[in-house]
Amino acid sequence: MSKPPSTPFETTLYVRDACLCLHVQRAARALARRFDEAFRPLGITSGQFSLLMSLNRPEPPGIGAVSALLAMDRTTLTANLKPLERRGLVTVAVDPSDRRGRRLSLTAAGQALLAQATPIWIETHEAVERRLPNADPDGLRAALLALA
């Protein structure tokens with residue numbers, strides 16, 4: 001039997017140090033943990049905050065628009081909406097212009113929770129930006145948007 005090909009350990013070190021995907025994933029997890037902790041007193045996660053914020057619009061958006069904004073497939077979005085619906089923070093209604101579609105809305109309770117969460121987000125976000133080396137959050141946002 002022949003020995004299966006192997007990858008040199010030096011390659012592992014190179015990937016660990018150079019891989020943008022790995023670094024972005026690690027940073028995303030660390031940021032999510034930080035915001036999750038900040039939102040814990042309100043009983044929401046950072047992902048739920050983003051979802052609630054994505055619904056804060058003059059007109060109720062469709063599922064497709066929200067899933068595109070959050071870079072989330074429709075099935076995952078629907079699953080993430082369920083606990084917010086159960087808490088009475090979000091409603092899902094039939095789209096009057098296309099009965100096959102659904103429109104998503106914040107309830108009064110959802111709007112109130114978002115109003116409580118926003119100052120927490122602002123404070124936490126400012127603290128994160130202060131930790132960035134070379135203090136160029138706009139440059140980082142532009143680079144991340146180019147990748148998205």
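Our subject is the structure that appears above.
Below: a short report on this structure. In this text, all values refer to a predicted model and were calculated from it rather than measured experimentally.

Brief notes about the overall build of the protein
When its secondary structure is counted, the protein shows 7 helices and 2 strands. Reading the secondary structure of the protein in the N-to-C direction produces α-α-α-α-α-β-β-α-α. A compact globule built from 148 residues would reach a C-alpha radius of gyration of about 15 Å, whereas the protein, at 20 Å, exceeds it by more than 25%. By principal-axis analysis of the C-alpha atoms, the protein measures approximately 60 × 45 × 30 Å.

Things to note about the environment of Ala 71
Examined against the element boundaries, Ala 71 turns out to sit in the loop between helix H4 (63-69) and helix H5 (74-86). On the basis of relative accessible area, Ala 71 is assigned to the exposed category, the value being 74%. Placed 77 residues apart in sequence, Ala 71 and Ala 148 show a C-alpha to C-alpha distance of 8.7 Å.

Topic: the layout of surface pockets
What the largest pocket holds in volume is close to 1900 Å³. Along its surface, the largest pocket is lined by 40 residues, and Ala 27, Ala 28, Leu 31, Phe 35 and Leu 144 are the ones closest to its centre. Every element with two or more residues in the lining of the largest pocket is listed here: helix H2 (20-39), helix H3 (46-54), helix H6 (108-131) and helix H7 (137-147). Per-element tally for the lining of the largest pocket: the top contributor is H2, with 11 residues.

A closer look at the environment of Thr 124
Turning to its location among the elements, Thr 124 is positioned in helix H6. Sequence-wise, Thr 124 and Arg 57 are 67 residues apart; in three dimensions their C-alpha atoms are separated by 23 Å. When neighbours within four sequence positions are excluded, Thr 124 is seen to be in contact with Arg 34, Phe 35 and Ala 38.

Concerning the pattern of salt bridges
What the rule picks out here adds up to 6 salt bridges. Linking Glu 129 and Arg 141 is a salt bridge whose minimum nitrogen-to-oxygen distance equals 2.8 Å. Highlighted residues: Glu 129 in helix H6 and Arg 141 in helix H7, separated in sequence by 12 residues. For the salt bridge of Asp 138 with Arg 141, the shortest nitrogen-to-oxygen distance reads 2.7 Å.

About the criteria used
- Numbering of residues begins from 1 in every chain and follows the order in which that chain's sequence is written.
- In keeping with the model being predicted, local features are shown solely for residues with a pLDDT of at least 70 and side-chain atom pairs are shown and tallied solely at 80 or more, while totals for entire chains, interfaces and linings include all residues.
- Neither water nor hydrogens contribute to the side-chain values; these are computed over all heavy atoms in the structure.
- To qualify as a helix, a DSSP run of H or I must reach at least 4 residues; to qualify as a strand, a run of E must reach at least 2; elements of each kind are numbered from the N terminus.
- As a reference, a globule follows 2.2 Å times the number of residues to the power 0.38, and the radius of gyration itself is taken over C-alpha atoms.
- In this scheme, a residue with accessible area under 20% of its type's maximum is buried, one over 50% is exposed, and one in between is partly exposed, where area comes from a 1.4 Å probe on protein chains only.
- The way it works is a 1 Å grid over only the protein atoms, where trapped points that fit a 1.4 Å probe form a cavity and open points with protein on both sides within 12 Å along at least five of seven lines form a pocket, and then any residue with an atom within 4 Å of a point lines it.
- Grid points are joined across faces, edges and corners, and a volume is the space filled by probe spheres set on the points.
- Contacts are assigned to residue pairs with any non-hydrogen atoms lying within 4.5 Å of each other.
- The working definition used for a salt bridge is a side-chain nitrogen of Lys or Arg within 4 Å of a carboxyl oxygen of Asp or Glu.

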